[in-house]
Amino acid sequence: MRLTGTLYAVVYVLMVLAAFILPSFSSEEYSMVGNSLSELGAQSTPGNWVMNGIFILLSIVTVLLGSKVLRRFWIPLYLLYFFAIALGFTAIYRHAPISNMFFLEGEHITHSVFSMITGVAFSVYCMAIVFTIAKSVDKALAFFMFCLAIGLSLLMVTHPQYRGVFQRTLFITAFAWIFYSLVTFKPQEALKKGSGDTYFQA
């Protein structure tokens, strides 16, 4: 697991760096406050391959690390797969550009659908972890991430002028927590209370 954990950490750092550095090389109209990470990878946007490549790498390392840790716990594992695959598709089907009126509308709509699926899958994964692990502190942290994901998603809708801030906060905290939830996950602790917890075991 050390190799996959290291790969995850490296890709995570790349994501954080790109979130704050790539805007300088993107569209002139791009704002870190008002524009999302998806818009860094938007259609007809300079350097869009960088952000989309990082989204795909995040999907891959999440699947790899999750498979190592959760292989006996199929519900959180499959939810994590669903989340990672949906995230990968947000890179394949790209957001509409912010400075170009000509774009593929169908691709943008498909991107939005997969973006929504990504958020829902992550939220459900958080709740699955709440019911899988035994430590109260980790349960509380997972539930906090569930609330944070929903809260920030709602804020992006109600206050779109700060969408860039909210989404960066969500991505940075979500992927950091996924890493923490996996490297600290101890299956035997989830089974201590008896057969009720084996619902998550393959």
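Please refer to the structure higher up on the page.
Undergrad: Quick one: what's the story with the environment of valine 157, residue by residue and with numbers?
TA: With respect to the helices and strands, the residue valine 157 is situated in helix α5 (residues 136–158). Valine 157 gets classed as exposed once you look at its relative accessible area, which sits at 65%. Taking the C-alpha atoms as reference, valine 157 lies 24 Å from leucine 141; in sequence the two are 16 residues apart.

Undergrad: Let's hear about the nonpolar core: which residues, and what values?
TA: In this structure, Phe122, Phe175, Trp177 and Ile178 are the most contacted members of the largest nonpolar core, which totals 49 residues. Where this core is concerned, the elements lending two or more residues are α1 (2–21), α2 (48–69), α3 (74–92), α4 (105–132), α5 and α6 (163–183). The contacts of isoleucine 178, once residues within four sequence positions are left out, are Tyr8, Thr62, Leu80, Phe83 and Phe122.

Undergrad: An account of the packing of aromatic side chains is requested, with residue identities and associated values reported.
TA: Inspection of the entire model under this criterion finds 15 aromatic pairs. When the ring of phenylalanine 89 is compared with that of tyrosine 93, the centres are 6.1 Å apart and the planes differ by 25 degrees; the resulting orientation is stacked. The partly exposed category is assigned to phenylalanine 89, whose relative accessible area is 29%. The interplanar angle of 25 degrees and the centroid separation of 5.9 Å between the aromatic rings of phenylalanine 143 and phenylalanine 146 together place this pair among those described as stacked. Residue phenylalanine 143 and its partner phenylalanine 146 are located together in helix α5, separated by three residues, close to a single helical turn. Pairwise contacts between aromatic rings join Phe55, Phe83, Phe122, Tyr125, Phe171, Phe175 and Trp177 into one cluster.

Calculation criteria
- Residues numbered from 1 in each chain as written.
- Predicted model: local features only at pLDDT ≥ 70, side-chain atom pairs only at ≥ 80, totals over all residues.
- Heavy atoms only, no water.
- Helix = DSSP H or I, 4+ residues; strand = E, 2+ residues; numbered from the N terminus.
- Buried < 20%, exposed > 50% of the residue type's maximum accessible area, 1.4 Å probe, protein only.
- Core = buried A, V, L, I, M, F, W, Y, C linked by side-chain atoms within 4.5 Å.
- Contact = heavy atoms within 4.5 Å.
- Phe/Tyr/Trp six-rings, centres within 6.5 Å; stacked < 30°, edge-to-face > 60°.

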